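One-letter residues, chain by chain:
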Amino acid sequence: MTDERINLIGLSREELGGLLAEMGEKPFRAKQVWHWIYHRGATDFEQMTTLAASLRPKLAERFSLARPGVSRELRSDDGSRKWLLEFTKGQEAECVFIPEEDRGALCISSQIGCTLTCKFCHTGTQLLVRNLTAGEIVGQLMVARDSYGEWPAPKGGRLLSNIVMMGMGEPLMNYDAVAKALRIVMDNEGIAISKRRITLSTSGVVPLIRRCGAELGVKLAISLHAVTDELRDKIMPINRKYPLEELMAACREYPGADNARRITFEYVMLKDVNDSPADAHALARLVKGIPAKFNLIPFNPWPGAPYECSTPRAMKKFADILNDAGYSAPIRTPRGRDILAACGQLRSETQRERMSLYKARIAAGGEDDHAKAPHPASS
């Protein structure tokens, strides 16, 4: 049965306060409820013991604290974990935790499927089903913290210490929901993860890169993967709308970018496609003048993938050239490959929605291309 109650997870402070005010509650009640949801991780109103006993059932009657459902959880031999989360019946997306020695990063999805069709990305083979809501985005973090028992944040430091918007989907194609979710995550009286520990990765939605920097100030990562418009047009169709010159200009203007908060340029290593010494030299020239570092990503294969990973020798030579040019350029150690949780491998099976959208596009004479996707402002 459908739950008709309003889910409080994902509402702004103002929205939460407004709902409680409609019930005749004073503003401090909203602060208390916010604390229980985002600091204590409450899953039931009866847990909110600072609220009057008579108020708790009234809240439970009108509102819910629903997280996404966990359809499946996979654990990698290297300690990575992947959750397949169900948001509405048959609509799923993936969320991945990559642990380090004393901390870790949670990779969060922003869409079910993706509007883009990057040729090296498994997620790009899945058509966009829909954008996730702010509550569904925040809910991924809450599911992970539930799993690790990190309510409230442990005094010795968090294992779930960093957030990366690098899961399924293009975050800037769902900007309003992503921004709302990240403001909740950054709120000091709740989850309280600093903007310095949040990284948003984009394939290059240029107008919203500027807006993200001005309004959120989180770290920026650019999914780059090519040094010429000709190649990037081919493997990342979004480049046809926002070519490299415009993308690099937006990076140079990104607020707060400096040597302490460098922009990360992600570069997947594709054998005999983008991994030559000439490519490495061109890459160093391309980012000149931008506080930059690189993340060289060995291509992570998936069934039917059209590319192979560069050889270890080619990757080392590529990295050495960037290092010699003065840039940090580590080769990422693949994590979670055995559970298809590595970079570029996320893809849920929402077949009914995919086929429905596909047939609708074909019937309308459309193409499976970024040009047919909604404009970012209307997402």
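This is a predicted model, so every value here is computed, not measured. (Residues numbered from 1 in each chain as written. Predicted model: local features only at pLDDT ≥ 70, side-chain atom pairs only at ≥ 80, totals over all residues. Heavy atoms only, no water.)

A. How the structure looks around the environment of alanine 30. Position of alanine 30 among the secondary structure elements: in helix 2 (residues 27-38). Taking C-alpha positions, alanine 30 is 6.3 Å from leucine 16, a pair spaced 14 residues apart along the chain. The residues contacting alanine 30, other than those within four sequence positions of it, are Leu16, Gly17 and Leu20. (Helix = DSSP H or I, 4+ residues; strand = E, 2+ residues; numbered from the N terminus. Contact = heavy atoms within 4.5 Å.)

B. Focus on the packing of aromatic side chains. On inspection of all chains with the given rule, the structure shows six aromatic pairs. An aromatic cluster is present here, built from Phe265, Phe294 and Tyr327 joined pairwise through their rings. Lying across the ring of tyrosine 148, arginine 81 places its NZ or CZ 4.5 Å from the centre. Over the ring of tryptophan 151 we find arginine 145; its NZ or CZ atom is 4.5 Å from the centre of that ring. (Phe/Tyr/Trp six-rings, centres within 6.5 Å; stacked < 30°, edge-to-face > 60°. Lys NZ or Arg CZ within 6 Å of the ring centre and 35° of its normal.)

C. How the structure looks around the packing of helix 1 (residues 13-22) against helix 2. Following both chains from N to C, one finds helix 1 and helix 2 inclined at 120°, their axes separated by 9 Å at the closest point. As judged from the angle between their axes, helix 1 and helix 2 are oblique. Helix 2 is crossed by helix 1, and the crossing has right-handed handedness. Judged by residue contacts, Arg13, Leu16, Gly17 and Leu20 of helix 1 engage Arg29, Ala30, Val33 and Trp34 from helix 2. For the contact of helix 1 with helix 2, the class distribution of residues is five nonpolar, one polar and two charged. (Axes fitted to C-alpha atoms, helices over the stretch in contact; angles between N-to-C directions. Parallel < 35°, antiparallel > 145°, perpendicular 65-115°, else oblique. Left-handed = near helix turned anticlockwise from the far one by under 90°. Nonpolar A, V, L, I, M, F, W, Y, C, P; charged D, E, K, R; others polar.)

D. Looking closely at helix 3 (residues 55-62). Every buried residue of helix 3 is listed here: Leu55, Arg56 and Leu59. The buried residues of helix 3 all sit within an arc of 100° when viewed along its axis, so they share a single face. Tucked into the core, helix 3 has its buried residues touching helix 1, helix 2 and strand 2 (63-64). (Buried < 20%, exposed > 50% of the residue type's maximum accessible area, 1.4 Å probe, protein only. Arc of directions from axis to C-beta.)

E. Spatial organisation of the side chain of aspartate 275. Looking at the secondary structure, you find aspartate 275 in the loop between strand 12 (263-269) and helix 9 (277-286). For the buried aspartate 275, no salt bridge is present, and the opposite-charge side chain at shortest range is lysine 271, 8.0 Å distant. Within polar-contact distance, the side chain of aspartate 275 engages the backbone nitrogen of aspartate 272 at 3.1 Å. Side-chain polar atoms of aspartate 275 contact the side chain of serine 310, separated by 2.8 Å. (Lys, Arg positive; Asp, Glu negative; His and termini not counted. Salt bridge = Lys/Arg side-chain N within 4 Å of Asp/Glu carboxyl O. Polar contact = N/O pair within 3.5 Å; in protein donor to acceptor, adjacent residues only side chain to side chain.)

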